[in-house]
Amino acid sequence: MSGCMSNEPPVVRWKEKGEPREARWCSEADLPPPRTLLLADDRTTAEKALGTLRQGSYLLYGGDYLNARQLLAALGRRLAKKRRDQRPAPSPAEAFRRERGQRAEEHRLLTRLLVPLDAEYRVALRRGVDLRAACEPVWGPPDGRPVVASLRELQGMIGAAQWRERGLEVKGLPGRLHPHYGVFAPTRGEYPALLRKVPAPEGKRVFDVGTGTGVLGLLLLARGARDVVATDIDPRAVACARENAERMGFGARFTALQADLFPPGEADLIVCNAPWIPERPRTALDRAVYDAEGRFLRDFLAGARAHLAPGGEVWLILSDLAERLGLREEGELEKQIESAGLTVRWKQEVVPTHGKASDPEDPLHGARSGEVVRLWCLS
Ligand SMILES: C[S@@+](CC[C@H](N)C(=O)[O-])C[C@H]1O[C@@H](n2cnc3c(N)ncnc32)[C@H](O)[C@@H]1O
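Residues numbered from 1 in each chain as written. Predicted model: local features only at pLDDT ≥ 70, side-chain atom pairs only at ≥ 80, totals over all residues. Heavy atoms only, no water.

> When you look at unusual backbone geometry in this model, what are you seeing that I'm missing?
A negative phi holds for most residues other than glycine; trans holds for most peptide bonds. Backbone geometry places Lys 17, a non-glycine residue, at a positive phi of 50°. Here Lys 17 falls in the exposed class, since its relative accessible area comes to 84%. A positive phi is found at Arg 127, a non-glycine position, where the angle reads about 60°. (Buried < 20%, exposed > 50% of the residue type's maximum accessible area, 1.4 Å probe, protein only.)

> Sorry if this is basic, but what is going on with the state of the cysteines here?
As used in these notes, a disulfide is a covalent bond between sulfur atoms, one from each of two cysteines. Taken as a whole and assessed by the stated rule, the structure comprises zero disulfides. We note that Cys 240 lacks a disulfide partner, and the nearest cysteine sulfur, in Cys 272, lies 17 Å from it. For Cys 240, a relative accessible area of 0% translates into the label buried. Left without a disulfide partner, Cys 377 is nearest to the cysteine sulfur of Cys 272, which lies 14 Å away. For Cys 377, a relative accessible area of 0% translates into the label buried. (Disulfide = S-S within 2.5 Å.)

> Just to check I follow, could you spell out the site of the ligand for this structure?
Every one of the 18 residues lining the ligand counts as a neighbour, but Tyr 191, Gly 210, Asp 232, Asp 260 and Leu 261 are closest to it. Here an oxygen atom of the ligand sits 2.5 Å away from a polar atom, N or O, in the side chain of Tyr 191. Between the ligand and Asp 260, the relevant distance is 2.7 Å, taken from a nitrogen atom to a side-chain nitrogen or oxygen of the residue. For the ligand, the accessible surface in isolation is 590 Å², of which the surrounding protein chains cover 97%. By residue class, the composition of the shell around the ligand is ten nonpolar, four polar and four charged. (Near = heavy atom within 4 Å. Polar contact = N/O pair within 3.5 Å; in protein donor to acceptor, adjacent residues only side chain to side chain. Areas by Shrake-Rupley, 256 points an atom, 1.4 Å probe, with all protein chains shown as cover. Nonpolar A, V, L, I, M, F, W, Y, C, P; charged D, E, K, R; others polar.)

> Please explain the packing of aromatic side chains as it appears in this structure.
By convention here, two paired aromatic rings are described through the distance between centres and the angle between planes. Under the defined criterion, the tally for this structure stands at seven aromatic pairs. Centroid distance Phe 296 to Phe 300: 6.3 Å. Interplanar angle 20°. Geometry classified as stacked. Taken together, the residues Phe 296 and Phe 300, both in helix α9 (residues 295-304) and four residues apart, mark about one turn of the helix. Of the two residues, Phe 296 and Phe 300, both sit in the buried class. Directly above the aromatic system of Tyr 290 lies the positively charged group of Arg 100, at a separation of 3.5 Å from the ring centroid. (Phe/Tyr/Trp six-rings, centres within 6.5 Å; stacked < 30°, edge-to-face > 60°. Helix = DSSP H or I, 4+ residues; strand = E, 2+ residues; numbered from the N terminus. Lys NZ or Arg CZ within 6 Å of the ring centre and 35° of its normal.)

> Just checking my understanding: could you explain the nonpolar core for this structure?
Nonpolar side chains in soluble globular proteins tend to be buried together. Ranked by size, the top nonpolar core spans 37 residues in total, and within it Ile 277, Phe 300, Leu 301 and Leu 316 carry the most contacts. Elements that contribute at least two residues to this core include exactly α3 (92-110), β7 (205-209), β10 (267-273), α9, β11 (308-319), α10 (321-325), α11 (332-339) and β13 (373-378). Sort the elements by how many residues they give to this core and α9 lands first, with five residues. If we ignore the near neighbours within four places in the chain, the residues touching Leu 301 are Leu 316, Leu 333, Gln 336, Ile 337, Ala 340, Leu 342 and Leu 378. Ala 46, Tyr 61, Ala 134 and Tyr 181 belong to the second largest nonpolar core, which has 36 residues in total. (Core = buried A, V, L, I, M, F, W, Y, C linked by side-chain atoms within 4.5 Å. Contact = heavy atoms within 4.5 Å.)

> How do you make sense of the sheet that holds strand β8 (residues 227-232) when you look at a structure like this?
Consider a sheet: its strands pair through backbone hydrogen bonds, and that pairing is either parallel or antiparallel. Taking strand neighbours across the sheet as the criterion, the seven strands line up as β9-β8-β7-β10-β11-β13-β12 in an open arrangement whose pairing is mixed. Edge positions in the sheet fall to β9 (254-258) and β12 (344-350), since each has one partner strand and no second. When the angles between neighbouring strand axes are averaged without regard to direction, this sheet yields 15°. Sitting on the sheet, helix α6 (residues 190-197) touches β10, β11, β12 and β13, and the angle it makes with β12 is about 135°. (Pairing = 2+ DSSP bridges. Axes fitted to C-alpha atoms, helices over the stretch in contact; angles between N-to-C directions.)

> I tried to follow the sheet that holds strand β4 (residues 58-61) on my own but got confused; where do I start?
If you trace the six strands from one edge of the open sheet to the other, you get β1-β2-β6-β5-β4-β3, paired in mixed fashion. The two strands at the open ends of the sheet, each matched to only one other strand, are β1 (11-16) and β3 (37-40). Mean inter-strand twist for the sheet, computed between neighbouring axes without regard to direction, equals 40°. Pairing geometry for β3 and β4, over four bridges, is parallel. By the bridge assignment, Leu 37 is partnered in β4 with Tyr 58. Its contacts with the sheet put helix α2 (residues 65-84) on β4 and β5 (113-117), and the angle it makes with β5 is roughly 160°.

> Before we go on, may I ask you to explain the pattern of salt bridges in this structure?
Oppositely charged side chains can form a pair if their charged atoms are brought close together. Inspection of every chain in the model, using the stated rule, returns 28 salt bridges. In this structure, Asp 227 engages Arg 226 in a salt bridge whose closest nitrogen and oxygen atoms are separated by 3.4 Å. For Arg 226, a relative accessible area of 45% puts it in the partly exposed group. Linked by salt bridges that have partners in common, Asp 42, Asp 64, Arg 126 and Arg 127 make up one network. (Salt bridge = Lys/Arg side-chain N within 4 Å of Asp/Glu carboxyl O.)

> Help me understand the packing of α2 against α3, please; the structure alone is not making it clear to me.
Helix-helix packing: each pair is described by the crossing angle between the helix axes and the interaxial distance. Running from N to C, α2 and α3 point in directions that differ by 160°, and their axes come no closer than 11 Å. Taken together, α2 and α3 sit at an angle that is classed as roughly antiparallel. As for the relative orientation of α2 and α3, their crossing is right-handed in sense. In this structure, α2 contributes Leu 72, Leu 75, Gly 76, Leu 79, Ala 80 and Arg 83 to the contact, and α3 contributes Glu 99, Gln 102, Arg 103, Glu 106, Leu 109 and Leu 110. Grouping the constituent residues of the contact of α2 with α3 by class yields six nonpolar, two polar and four charged. (Parallel < 35°, antiparallel > 145°, perpendicular 65-115°, else oblique. Left-handed = near helix turned anticlockwise from the far one by under 90°.)

> It is not clear to me how α11 should be interpreted in this structure. Could you clarify?
Each full turn of the α-helix corresponds to 3.6 residues, which orients residues three or four apart in the same direction. When α11 is considered as a whole, its buried residues turn out to be Leu 333, Gln 336 and Ile 337. Along α11, the residues classed as buried sweep out an arc of 105° about the axis, all on the same side. In α11, the exposed residues that point more than 90 degrees away from the buried face are Lys 335, Glu 338 and Ser 339. Where the residues of α11 are buried, they touch α9, β11, α10, β12 and β13. Positive backbone phi, at 80°, marks Gly 341, one or two positions downstream of α11. (Arc of directions from axis to C-beta.)

Right under this line is the structure:
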């Protein structure tokens, strides 16, 4: 839960025209309130702002909201240009780690440009807009106090709110899927397609481990599964999956629980789209993609048999990007499958069609352009 939603949310203090000011501090990344907060306005250039942010200070914008957004965009362009202009790394793994480290540093700097919101979650700047629809699902209802928050985080929340409202069409589902803020969503349409290519799970009891929006479990229900018990470590995903199941009218056939990996009991089919990069997650959002030291994958495989009913199957969906980047050794996955007492019955694969896979400017283009996502059927 974000500290902002606690009974005693953190407070940020600063001075404006010599007067002491304070506001509720809302940070999605749960950063502590800034110790050095300087003021910026419509006269602040991107160069000056970057210098200040690099020294570790935060900047609170006090001018026009559209200008604040333009400043953030200009800062982002400067940082991205610097990243693109460097020499190639000696190996794909190093290129990957370097790019990730640089993006994290860019994010850290950009997150420090702050804007004030009034006690109703309206941007308290000239041409400021009402952000209640974006803020309330993440921070809860306004509590009567003004807020200071990162403009970059707010932009993420605005995008997420629009998406949640509109929903996403996934072929094979009886309705649109509505992702919540911070929940991994199937924007890469290829892997749900894998579930439409394989035998229908007629009458089966399914576990969906790491359910996110609920998409895989819901697709299997739509294809005739008897019921689905879905888990996720993130309570936001559990709430999101439940809401999607309700909207689609699956009622008691879909249950979602907060759990580390498996729910109690046994299933005829355990489906899982695992985090696919064996590197340390840096944020709560990263846990959908990054799997520190491959712990999720290893424990999922090692624990699966104990949760399979006689004759049951595991359907593991996994990208091979880690092997292509040299972050997991070739053959390591097969070894883990074997030592878990499982055997590979068949495989299906798809080639991702997401933008990065076909972007030659991307320093990881070589690895990404050959990426394959596989569904491994194990028993
Ligand atoms: C790649 S996403 C897949 C989400 C969804 N199944 C889909 O296919 O779109 C991985 C999911 O696993 C969840 N997760 C990460 N670690 C977990 C754990 N130890 N136990 C349960 N879920 C976990 C993440 O929160 C995330 O929702």
